[in-house]
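# Coordinate analysis (summary)
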Amino acid sequence: MLEALVCPLTHAVLHYDAEAQELISKPAHLAFPIRGGIPILLEDEARRLDG
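Per chain, residues are indexed from 1 in the order of the written sequence. Reporting in this predicted model follows two pLDDT cut-offs: at least 70 for local features of residues, and 80 or more for side-chain atom pairs to be given and counted; totals over whole chains, interfaces and linings ignore these cut-offs and use all residues. Note that the side-chain values use all heavy atoms of the structure and ignore hydrogens as well as water.

## A few points about the overall build of the protein
The following threshold applies: Helix and strand definitions here come from DSSP, where helices need a minimum of 4 consecutive H or I residues and strands a minimum of 2 consecutive E residues; each element is numbered from the N-terminal end. Both definitions apply: the radius of gyration is a C-alpha atom measure, and the globule rule equals 2.2 Å times residues to the power 0.38. When a residue's accessible area, from a 1.4 Å probe over protein chains only, is under 20% of the maximum for its type it is buried; when over 50% it is exposed; and in between it is partly exposed. The contact rule is simple, with two residues in contact once any of their heavy atoms fall within 4.5 Å. For every accessible area listed, the method is Shrake-Rupley and the probe measures 1.4 Å; residues are considered covered only by the protein chains on display.
Helices and strands together make up the secondary structure of the protein, namely 0 helices and 5 strands. Seen in sequence order, the protein has helices and strands lined up from the N terminus as β-β-β-β-β. A compact globule built from 51 residues should have a C-alpha radius of gyration of about 10 Å, and the protein, at 10 Å, falls within 12% of that. Projected onto its principal axes, the C-alpha positions of the protein cover 25 × 20 × 20 Å. When burial is assessed residue by residue, the protein has 31% of its 51 residues classed as buried. A separation threshold of at least 6 residues defines the contact pool for the protein, and within that pool the share at least 24 residues apart is 14%. When the accessible surface of the protein is split by element, carbon and sulfur atoms take 55% of a total near 3600 Å².

Below, the structure written as structure tokens:
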């Protein structure tokens with residue numbers, strides 16, 4: 001199922017971080033949370049990544 005999910009801002013492939021329970025968008029420098037097994041793909045809910 002993860003293969004079908006893309007970043008809502010850049011449409012790039014998202015990378016799954018199992019430990020943090022996040023989907024990472026490297027081009028957007030954002031980490032989208034996964035809560036209760038549901039990815040929250042909203043920019044307002046995403047965490048900014050350094051770098």
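## Re the pattern of salt bridges
Pairing between side chains of opposite charge can happen when the charged atoms of each approach one another. The cut-off we apply is this: By convention in these notes, a salt bridge is any Lys or Arg side-chain nitrogen within 4 Å of a carboxyl oxygen on Asp or Glu.
By the definition in use, this model includes 2 salt bridges. Residue Glu22 pairs with Arg47 through a salt bridge whose shortest N-O separation is 2.7 Å. Highlighted residues: Glu22 in strand β2 (residues 22-25) and Arg47 in strand β5 (residues 47-48), separated in sequence by 25 residues. According to the relative accessible area criterion, Arg47 is partly exposed, its value standing at 41%.

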